[in-house]
Amino acid sequence: MTSDEILKGLETRWLGRRIYAYETLDSTNDTAFQLARQGAAEGECVISEYQKKGRGRHGRVWLSPRGQGILLSMILRPPISPAETAKLTLVTGVALVKTAKMTLGRPFGIKWPNDVVFKDKKIGGILTEMRGEPDRVHYVIVGVGVNVNSLPAELPEGATSLRAIAGAEVPRLLFLREFLRQFEEDYGRFKSGHFKELAREWEELSATSGRRVSARTAGRSIDGQALGIDEEGALWIRTDNGLQERVLAGDIEHLR
Ligand code: BTN
C-alpha cells in the first residue's frame, strides 16, 4: 500500500493525511516515536508491509507475513494525563471492531482490553505507548495490527484473519481507510469529553463481559466472572468467593 493509494478516497479531515509508508521496518511504533520526537504532527501515520521486530503487549512479538496485514502506527497528541492513555486504547478497540463489523458484516468482538476477536480467535491487536511527564502526555503512539489476508497457518496459535473469516480476500486499502475514518470520529468524541458513551459502546461490543475469565495482573491471578469496565477502562471481576476485584492493566484468558 502506498501513501497515494490510501489518500485517494480517504475520508478523514486530519488523520492519515500524511502517511509514511515502508516496505520493511523494525516496528512501525518505533519509527512513529522517532517522527514524533522530531515534531511530527497529530494524525501523521506510519505503515509497513513487514516488521522485523513487531511488538505486542507485555514484551510479546507481533508476527505478520509480508504484505498481508495492516501494520499501522498513529501519532497522537491528546491533552491528557498518562493514566488516561488506557482509555485511548479502548477507544481504538471500539473503532477497530466497528470497522471489522462494517467491512465484513460479521459479529466481531473486543476481548479486554483491546484484542479484536471473532469467536475467540484474534484478528487484531493494539499497542499504545507514550512519552510524557507524570501529569502530561507529550505524544501517544497507537499501534494497530490486523491480520487481513494472511493464512491462519502462517499466524500464531489462537489467531485468524479476515480472509479466513470472509472466505475471500479482503481489500486492505478499504479496511484501512474505513478504520482511519472511524477512529478520527471516535477520537474526536473522546477528546470532547464523551468517553462515557464510548465505554458504553465498548460494553456492547465486548466479548469479555459476562464470561468466566482468568486475569493475570501484578504477579497474581484472579479467576471469576467478568462484569464489565468502569470509567477508567478497568475490568471488574466477581471472584468465586464473591469479592469484586478491579483489574486496571493486565491480560486475561476467556475460560469455557
Ligand atoms: C497486541 O495484541 O499485543 C498488540 C499488537 C500490536 C501490533 C501492532 S503492528 C503495528 C504496531 N507496531 C508494532 O510493533 N506493534 C503494533
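Residues numbered from 1 in each chain as written. Predicted model: local features only at pLDDT ≥ 70, side-chain atom pairs only at ≥ 80, totals over all residues. Heavy atoms only, no water.

Take the packing of helix α3 (residues 85–104) against helix α5 (residues 172–191) next. Two elements in contact, α3 and α5, have axes whose closest approach is 9 Å; the angle formed by their N-to-C orientations is 140°. Our classification of the angle between α3 and α5 gives oblique. The crossing of α3 and α5 is right-handed. Mapping the contact onto sequence places K87, L88, V91, T92, V94, A95, L96, K98, T99, A100, M102 and T103 in α3 and F175, E178, F179, Q182, F183, D186, Y187, R189 and F190 in α5. (Axes fitted to C-alpha atoms, helices over the stretch in contact; angles between N-to-C directions. Helix = DSSP H or I, 4+ residues; strand = E, 2+ residues; numbered from the N terminus. Parallel < 35°, antiparallel > 145°, perpendicular 65-115°, else oblique. Left-handed = near helix turned anticlockwise from the far one by under 90°. Contact = heavy atoms within 4.5 Å.)

What follows is about the sheet that holds strand β5 (residues 115–118). Ordered by their spatial adjacency, seven strands build an open sheet running β1-β2-β3-β7-β6-β5-β4, and the pairing between neighbours is mixed. Across the chains shown, the open sheet's two edge strands, defined by having one partner strand only, are β1 (19–25) and β4 (109–111). Taken pair by pair, the neighbouring strands of this sheet meet at an average axis angle of 20°, ignoring direction. Relative to strand β3 (residues 69–76), strand β2 (residues 45–51) runs antiparallel, the two being bridged by three bridges. (Pairing = 2+ DSSP bridges.)

Attention now moves to the side chain of N147. Following the sequence through the fold, N147 ends up in strand β7 (residues 136–147). Taking relative accessible area as the criterion, N147 reaches 3% and is therefore assigned buried. Apart from the residues lying within four places of it in its own chain, the contact partners of N147 are W62, K122, I123, L155, A159, T160, S161 and L162. (Buried < 20%, exposed > 50% of the residue type's maximum accessible area, 1.4 Å probe, protein only.)

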